[in-house]
Amino acid sequence: MVSISWNFLIVYTLTVLVATITPGPSMLLALTHGVRYGVRRALASALGNTVASVLQALVAVAGLGVVLAASEDLFRVVRYAGAAYLVYVGVCMLRAPAIPLNAAAAASGVMDGEADAGAPGVPGVPASDADGGPGARKLFAQAFFVAAGNPKAIVFFTALFPQFLAPGDTLARSALLVADLAVIAFLGMMLYAVAGSRIAALLATTRAARWYNRTVGVAFIGSGAGLALSDR
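Residues numbered from 1 in each chain as written. Predicted model: local features only at pLDDT ≥ 70, side-chain atom pairs only at ≥ 80, totals over all residues. Heavy atoms only, no water.

Undergrad: Is there a simple way to explain the overall build of the protein in this structure?
TA: Scanning the protein from terminus to terminus reveals eight helices and zero strands. For the protein, the succession of helices and strands along the chain, N to C, is α-α-α-α-α-α-α-α. By sequence separation, contacts in the protein at least 24 residues apart represent 83% of the contacts at least 6 residues apart. For the protein, the computed accessible surface area is about 11100 Å², with 69% contributed by carbon and sulfur atoms. (Helix = DSSP H or I, 4+ residues; strand = E, 2+ residues; numbered from the N terminus. Contact = heavy atoms within 4.5 Å. Areas by Shrake-Rupley, 256 points an atom, 1.4 Å probe, with all protein chains shown as cover.)

Here it is, written out as structure tokens:
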């Protein structure tokens, strides 16, 4: 049985919660998926982000985060790959057709512009379901790559876990902290997705949809540029 105090767990949970719900590319993606596809489809997005976050946490717990933090070349490769993917998502948003967002859930491939703009999807992931709109695997993959492409998350976890784990702590204790992180990451994504679904009604005109696409697209491109140009 894992021995852990409630005070310890509350402090850890609040620390992870603040880091998780802070607006960033993943939460912007969750908001966008909530707006375009609704809460139900955004479950796949939340799961993709959660899997990426758990893998990053496991890398940190295993001590590999120290390797990433110490290797300029490896850190740079991961950072540039993540930045390129964010820019790609932003460009897809800019090219997406201006479909009123209260009807976007019924449109096929809006997020990546397959319907009109011909933008490619995530390599190796089916473009969409036959009934219209991106399939669950595509939404999962998009959220996964947006989260996994940020090496600073691994560096953050590498700095975080030593504050709550000591040498000799049991594997079960580490698993509990990672599981807590997974729950928070999933709920944080879903919170933004629900918010997105609530504001979809405000974007029910072609003009509003066009400006939404432009705003979110520029935000993703800006996030990618910021990630590529930022220091550690």
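Undergrad: Looking at this model, I keep getting lost on a nonpolar patch on the surface. Mind explaining?
TA: Residues Trp6, Ile10, Leu14, Leu17, Ile21 and Leu191 make up a contiguous nonpolar surface patch of about 610 Å² in total accessible area. By residue number, the principal contributor to the nonpolar patch is helix α1 (residues 6–21), which donates five residues. Look at Leu14 and you get partly exposed, because its relative accessible area is 48%. (Patch = residues over 30% accessible without salt bridge, like charges linked within 9 Å, V, L, I, M, F, W, Y side chains within 5 Å. Salt bridge = Lys/Arg side-chain N within 4 Å of Asp/Glu carboxyl O. Buried < 20%, exposed > 50% of the residue type's maximum accessible area, 1.4 Å probe, protein only.)

Undergrad: Would you take a moment to explain the nonpolar core for this structure?
TA: General note: in soluble globular proteins, nonpolar side chains tend to be found buried as a group. Core analysis: the largest hydrophobic core is formed by 23 residues, its most contacted members being Met189, Tyr212, Val216 and Phe220. Mapped onto this core, the elements with two or more residues apiece are α2 (25–61), α4 (72–95), α5 (136–148), α7 (171–199) and α8 (206–229). Of the residues forming this core, the biggest block, six residues, is contributed by α2. Discounting residues that sit within four places of it in the chain, Phe220 has contacts with Pro25, Leu28, Leu29, Leu86, Val87, Val89 and Gly90. (Core = buried A, V, L, I, M, F, W, Y, C linked by side-chain atoms within 4.5 Å.)

Undergrad: Help me out: how do you make sense of the environment of Ala175 in this one?
TA: Structurally, Ala175 is set in helix α7. Note: C-alpha distance between Ala175 and Leu58 (117 residues apart in sequence) is 9.0 Å.

Undergrad: Would you take a moment to explain α1 for this structure?
TA: Since one α-helical turn is 3.6 residues long, residues separated by three or four positions face the same way. In this model α1 runs 22 Å from its N-terminal to its C-terminal C-alpha over 16 residues, within 8% of the 22 Å that 1.5 Å per residue would give. Every buried residue of α1 is accounted for by Phe8, Leu9, Tyr12, Val16 and Thr20. For α1, the angular spread of buried residues about the axis comes to 90°, placing them on one side. Exposed positions of α1 whose direction lies more than 90 degrees from the buried face are Trp6, Asn7 and Val18. Elements in contact with the buried residues of α1: α2, α6 (151–164) and α7. (Expected span 1.5 Å × (residues − 1). Arc of directions from axis to C-beta.)

Undergrad: Honestly, the confidence of the model for the protein in this entry has me stumped. Any pointers?
TA: In low-pLDDT regions, the fine details of the predicted coordinates are not to be read closely. Overall, the prediction assigns the protein a mean pLDDT of 78, with 76% of residues at 70 or greater. Across residues 104–131 the pLDDT falls below 50, and counting only partners more than four positions away or on other chains, this stretch makes 70 contacts in the model. (pLDDT = per-residue confidence, 0-100.)

Undergrad: Which parts of the structure should I look at to understand the packing of α2 against α5?
TA: When two helices pack together, their arrangement is given by the angle between their axes and by how far apart the axes lie. Viewed as axis vectors pointing N to C, α2 and α5 meet at an angle of 55°, and their least axial separation amounts to 7 Å. What the angle tells us is that α2 and α5 run oblique. In terms of crossing hand, the pair formed by α2 and α5 is right-handed. Here the residues of the contact of α2 with α5 sort into 16 nonpolar, seven polar and one charged. (Axes fitted to C-alpha atoms, helices over the stretch in contact; angles between N-to-C directions. Parallel < 35°, antiparallel > 145°, perpendicular 65-115°, else oblique. Left-handed = near helix turned anticlockwise from the far one by under 90°. Nonpolar A, V, L, I, M, F, W, Y, C, P; charged D, E, K, R; others polar.)

Undergrad: How do you make sense of the packing of aromatic side chains when you look at a structure like this?
TA: For any pair of aromatic rings, geometry is given as the distance between the ring centres together with the angle between the planes. Under the counting rule described, the total for this entry stands at seven aromatic pairs. Arranged with centres 6.3 Å apart and planes meeting at 10°, the rings of Phe140 and Phe144 form a pair that is stacked. Of the two residues, Phe140 and Phe144 are both situated in helix α5; the distance of four residues between them amounts to about one turn of the helix. Residue classification places Phe140 among the partly exposed residues on the basis of a relative accessible area of 25%. Taking the relative accessible area as the measure of exposure, Phe144 reaches 21% and is therefore partly exposed. Centroid distance Phe144 to Phe145: 5.6 Å. Interplanar angle 80°. Geometry classified as edge-to-face. The exposure class assigned to Phe145 is partly exposed, which follows from its relative accessible area of 36%. Connected via pairs of aromatic rings, a cluster forms that spans Tyr85, Tyr88, Phe140, Phe144 and Phe145. The side chain of Arg214 reaches across the aromatic face of Trp211, ending 5.1 Å from its centre. (Phe/Tyr/Trp six-rings, centres within 6.5 Å; stacked < 30°, edge-to-face > 60°. Lys NZ or Arg CZ within 6 Å of the ring centre and 35° of its normal.)

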